[in-house]
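A structural walkthrough
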Amino acid sequence: MENRGKLIVLSGPSGVGKGTVIEALMEDYQDIAYSISATTRKPRSSEKDGVDYFFLSEAEFQQLVEEDEFIEWAQVHGNYYGTPKSYVEETLNAGQDVILEIDIQGAVQVKEKCEQNVCVEGIFIFLAPPSLAELENRIRERDADSEAEMELRMDNATQEMKMAEEYDYIVVNDQVEQAVEKIKAIIIAERCKVD
Ligand code: 5GP
């Protein structure tokens, strides 16, 4: 158990830039494994199955829920998302750190499991936008969502911001490079921590 990897959980409202931050982080930290989530959401034009997500039908997703194949799963903005259990457990057991990019409901479930000692170390980082107005700009720039989806995402974001204090760390994503530097500093400190 001593050499088990650490589970890094990055969440924050949709559109805050988690994907961009993780991409930049992983360029410098290639020893961190990224857990690809499963979702019932339809792929966006730039997304690839097995790279961005495992794109599943609702029936396929439900089957995996029944088989207890997810560490956590949640309904987010009307679609299902879940973290496949086997990949995360095998990678942590092999001593490698794993990063999850999941919503707040999922992070709460993972935290409960960490507290029950299912995973040895969980590092919970909340990525926050500089303001809700800036978040709305970023979601609009992404241009992938309809107006109704956009409103749903903004309503959810307002609720999600209230959960930030449940996390170990809050990083404001004003400038991506600075946010990445802060996350690196958190990871370095956590790796040096005396267990
Ligand atoms: P998007 O549809 O924009 O890719 O993601 C929508 C939201 O779902 C984001 O907040 C993202 O972090 C979250 N999400 C992605 N994968 C998972 C997952 O495996 N579990 C949970 N709970 N949320 C996820």
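These lines cover the structure that appears in this document, whether it is placed above or below.

Rules used throughout
Residues numbered from 1 in each chain as written. Predicted model: local features only at pLDDT ≥ 70, side-chain atom pairs only at ≥ 80, totals over all residues. Heavy atoms only, no water. Helix = DSSP H or I, 4+ residues; strand = E, 2+ residues; numbered from the N terminus. Rg over C-alpha atoms; globule rule 2.2 N^0.38 Å. Buried < 20%, exposed > 50% of the residue type's maximum accessible area, 1.4 Å probe, protein only. Contact = heavy atoms within 4.5 Å. Lys, Arg positive; Asp, Glu negative; His and termini not counted. Charge placed at Lys NZ, Arg CZ, Asp CG, Glu CD. Near = heavy atom within 4 Å. Polar contact = N/O pair within 3.5 Å; in protein donor to acceptor, adjacent residues only side chain to side chain. Areas by Shrake-Rupley, 256 points an atom, 1.4 Å probe, with all protein chains shown as cover. 1 Å grid on protein atoms, 1.4 Å probe; cavity = no way out; pocket = protein on both sides within 12 Å on 5 of 7 lines; lining within 4 Å. Sits in = over half its atoms within 2 Å of the grid points. Nonpolar A, V, L, I, M, F, W, Y, C, P; charged D, E, K, R; others polar. Pairing = 2+ DSSP bridges. Axes fitted to C-alpha atoms, helices over the stretch in contact; angles between N-to-C directions. Points joined across faces, edges and corners; volume = space filled by probe spheres on them.

Before going further, it helps to examine the overall build of the protein. Helix and strand content of the protein: seven helices and nine strands. For 195 residues, the compact-globule formula gives about 16 Å, and the C-alpha radius of gyration of the protein, at 16 Å, lands near that figure. Considering only C-alpha atoms, the protein reaches an extent of 50 × 40 × 30 Å along its principal axes. Of all 195 residues assigned to the protein, the portion counted as buried reaches 46%. For the protein, contacts bridging at least 24 residues in sequence account for 69% of all contacts bridging at least 6. Computing the positive centroid from 19 side-chain charges and the negative centroid from 41, the protein places the two 2 Å apart.

On to the site of the ligand, then. The full set close to the ligand counts 18 residues, and Ser37, Arg41, Tyr53, Tyr81 and Glu101 are the nearest of them. The contact in question runs from a nitrogen atom of the ligand to an N or O atom on the side chain of aspartate 103, over 2.7 Å. Arginine 153 places a side-chain nitrogen or oxygen 3.1 Å from an oxygen atom of the ligand. In the complex, the protein chains occlude 96% of the 510 Å² of accessible area that the ligand would expose alone. Comparing atom positions with the cavity grids shows the ligand to sit within the largest pocket. Elements that contribute at least two residues to the shell around the ligand include exactly β5 (70–76) and β6 (79–84). The class makeup of the residues in the shell around the ligand is five nonpolar, five polar and eight charged.

Moving on to the sheet that holds strand β9 (residues 169–172). The strand order β2-β7-β1-β8-β9 describes an open sheet built from five strands, whose pairing is parallel. In this open sheet, the two strands that pair with only one neighbour each are β2 (33–34) and β9. Here strand β1 (residues 7–11) runs beside strand β7 (residues 98–101); their pairing, made up of four bridges, is parallel. Residue leucine 10 lies in a different strand from β7, and its bridge partner there is glutamate 101. This element, helix α1 (residues 18–28), spans β1, β2, β7 and β8 (122–128) of the sheet and lies at about 165 degrees to β7.

Sheet architecture is open: four strands sit in the order β4-β3-β6-β5, paired in mixed fashion. The open sheet is flanked by β4 (54–55) and β5, the only strands paired with a single partner.

A few words now on the layout of surface pockets. For the largest pocket, the calculated volume is near 1100 Å³. Every residue lining the largest pocket is counted, 41 residues in all, and those nearest its centre are Gly19, Arg44, Tyr53, Glu101 and Arg142. Elements supplying a minimum of two residues to the lining of the largest pocket: α1, β5, β6, α5 (132–142) and α6 (147–161). Top contributing element to the lining of the largest pocket by residue count: α1, with six residues. Of the residues contributing to the lining of the largest pocket, the split by class is 15 nonpolar, twelve polar and 14 charged.

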